[in-house]
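Descriptive analysis of the structure
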Amino acid sequence: METSATRPDDGTVPALRLTGLHKVFADNVAVDHVDLVVPRGSFFGLVGPNGAGKTTALSMAVGLLRPDSGRSEVFGVDVWSDPVRAKSLMGVLPDGLAMPERLTGRELLTFIGQLRGIPDDVVAQRSQQLLNVMELNDAERTLVADYSTGMRKKIGLATALLHAPRLLVLDEPFEAVDPVSAAALKSILVRFVSSGGSVVLSSHVMALVEQLCDTVAVMAKGKVVAAGPLGDVRGDNTLEETFVRLVGVDSGDWEELSWLAS
Ligand SMILES: Nc1ncnc2c1ncn2[C@@H]1O[C@H](COP(=O)(O)OP(=O)(O)OP(=O)(O)O)[C@@H](O)[C@H]1O
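Sequence order sets the numbering: in each chain, residues are counted from 1 along the sequence as written. With pLDDT at 70 or above as the cut-off, local features in this predicted model cover only qualifying residues; side-chain atom pairs require 80 or more to be listed or tallied, and sums for whole chains, interfaces and linings still use all residues.

The protein appears in an unreviewed UniProt entry as ABC-2 type transport system ATP-binding protein from Nonomuraea maritima.

Focus: the overall build of the protein
What counts is decided by this rule: Only runs of H or I of at least four residues qualify as helices and only runs of E of at least two qualify as strands under DSSP, and these elements are numbered from the N terminus. Atoms considered for the radius of gyration are the C-alpha atoms alone. The globule rule reads 2.2 Å times the number of residues to the power 0.38. We call a residue exposed when 12 or fewer other C-beta atoms sit within 10 Å of its C-beta, buried when the count reaches 20 or more, and partly exposed for counts in between; the C-beta positions come from the backbone.
A tally of regular secondary structure across the protein gives nine helices and ten strands. Taken against the 2.2 N^0.38 rule, which gives 18 Å for 262 residues, the C-alpha radius of gyration of the protein at 19 Å falls within 12% of a compact globule. Its C-alpha atoms put the protein at 60 × 60 × 40 Å along the principal axes. Here the protein holds 262 residues, and 39% of them are scored as buried.

Brief notes about the site of the ligand
For clarity, the threshold we go by: Put plainly, near means the residue's C-beta atom, positioned from the backbone, lies within 6 Å of the molecule or strand in question. Three categories are distinguished: nonpolar for Ala, Val, Leu, Ile, Met, Phe, Trp, Tyr, Cys and Pro, charged for Asp, Glu, Lys and Arg, and polar for the others, with Gly belonging to the last.
For the ligand, the full set of nearby residues is Phe 25, Asn 28, Ala 30, Gly 48, Asn 50, Gly 51, Ala 52, Gly 53, Lys 54, Thr 55 and Thr 56. Where the shell around the ligand is concerned, the elements lending two or more residues are β2 (28-38) and α1 (54-61). The dominant element in the shell around the ligand, judged by the number of residues it contributes, is α1, at three residues. A breakdown of the residues in the shell around the ligand according to their chemical character gives three nonpolar, seven polar and one charged.

Brief notes about the UniProt feature "domain: ABC transporter" (unreviewed entry) in the protein
Inclusion rule: UniProt positions are given in the numbering used here, feature names are shortened, and annotations may be inferred rather than shown by experiment.
Taking the numbering used here, the UniProt-annotated feature "domain: ABC transporter" (unreviewed entry) corresponds to residues 16-246. Annotation note: span residues 16-246, helix share 39%, strand share 26%, distance between end C-alpha atoms 24 Å.

A word on the sheet that holds strand β1 (residues 16-25)
Threshold: Pairs of strands are assigned from DSSP output, requiring at least two bridges between the strands. Here, residues touch in the contact sense if the C-beta positions derived from the backbone fall within 7 Å of one another. Throughout, an axis means a line fitted to C-alpha atoms (over the contacting stretch in the case of helices), and angles, computed between N-to-C directions, take values from 0 to 180 degrees.
As summarised here, the arrangement of the four strands in space is β2-β1-β4-β5, forming an open sheet in which the pairing is antiparallel. A single partner strand is all that each edge strand has here, and the edge strands are β2 and β5 (77-78). Taken together, the five bridges between β1 and strand β4 (residues 69-74) define a ladder with antiparallel strand orientation. Each bridged residue has a counterpart across the sheet, and for Leu 16 the counterpart in β4 is Val 74. The sheet strands contacting α1 are β1, β2 and β4, and the helix crosses β1 at an angle near 120°.

A short note on the environment of Leu 97
Residue position: Leu 97 is located in the loop between β6 (90-93) and α3 (105-115). For the pair formed by Leu 97 and Lys 153, sequence separation is 56 residues and the distance between their alpha carbons is 8.4 Å.

Considering the pairing of β4
Two strands pair when backbone bridges link them, and β4 and β5 are joined in this way by two bridges, in the antiparallel orientation. Bridge assignment links Val 74 to a residue of β5, and that residue is Val 77. Where β4 hands over to β5, the hairpin turn is made up of two residues, of which Phe 75 adopts a positive phi near 45°.

Things to note about helix α9 (residues 239-247)
Note the threshold: This arc corresponds to the set of directions leading from the helix axis out to the C-beta atoms.
Where α9 is concerned, the buried positions are Leu 239, Thr 242 and Phe 243. End-on view of α9: buried residues confined to an arc of 100°, all on one side of the axis. Where α9 is buried, its residues meet β3 (43-47), α7 (206-212), β9 (215-220) and α8 (230-234). Trailing α9 by a residue or two, Gly 248 shows a phi angle of about 80°, which is positive.

Topic: the nonpolar core
Rules: A set of buried Ala, Val, Leu, Ile, Met, Phe, Trp, Tyr and Cys residues, joined to one another through C-beta atoms within 7 Å, is what we call a nonpolar core.
Ala 61, Val 74, Val 169, Val 199 and Val 200 are the most contacted members of the largest nonpolar core, which has 67 residues in total. At six residues, the largest contribution of residues to this core is made by helix α5 (residues 149-161). Once residues within four sequence positions are removed from consideration, Val 74 is found in contact with Ala 15, Leu 16, Val 79, Ala 86, Leu 89, Met 90 and Leu 167.

Thoughts on the sheet that holds β6
As summarised here, the arrangement of the six strands in space is β6-β7-β8-β3-β9-β10, forming an open sheet in which the pairing is mixed. The two strands at the open ends of the sheet, each matched to only one other strand, are β6 and β10 (223-229). This sheet shows a mean twist of 10° between the axes of neighbouring strands, independent of strand direction. Pairing geometry for β6 and strand β7 (residues 167-171), over four bridges, is parallel.

As structure tokens, then:
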């Protein structure tokens, strides 16, 4: 049988392929046999309500959380059987990224660059450029421990980009990022895709996904309920309308909160 170690990347394998990915926490099925294909060169948006399983699926996809079953391949390389090679191809911004808190932004980039085996002069040059673009220059002498949530997202994205990956997997990259920084991040990601990179991001902001992404998947209760090119998934509706139709709205029992009425 052909293995990921031998399968050549002939230019047609997808950037990311999830096959039968499954994860149960106690008796809670967080991700339920998910199949997903992220075409190379696509800007892929993963949406779903709170608790749908997005973070769990992405964590398994990038090798941070071991699946109960199923597999994840990055450009044909199995993330769990060939993690070093798979991780060299992708940059990851996980949810709640744990970072060495007692390093400054520049020190963190230098540290990550050394771990990645990138030559020192290249790390220094790329770090400066990333700090500039992320508008973290003023904060380069600030310890990560003292960064705001949005600044942590930005330095996290910088660490994900440092080794020039071919695929970026970003869990809620715009959460807590101010509009000016968000515009800068968007333009970095758009340029990354237009130069041949592939991006997968999760978000709750439908307008942002519609603006950036050409391909989307909607998750609900651990399953993928729709996936494909944005235009096919939303049809003549907005993504938000499609999302609400697919996921359903549970408006709850307002009577329970009658004490709120003045
Ligand atoms: N480490 C864990 N231990 C136990 N249950 C977990 C764990 N991580 C996630 N879950 C559960 O798995 C389900 C999916 O959670 P997940 O965080 O993947 O959803 P999500 O779609 O990313 O949600 P959100 O949009 O709120 O971030 C939820 O029911 C959650 O409570």
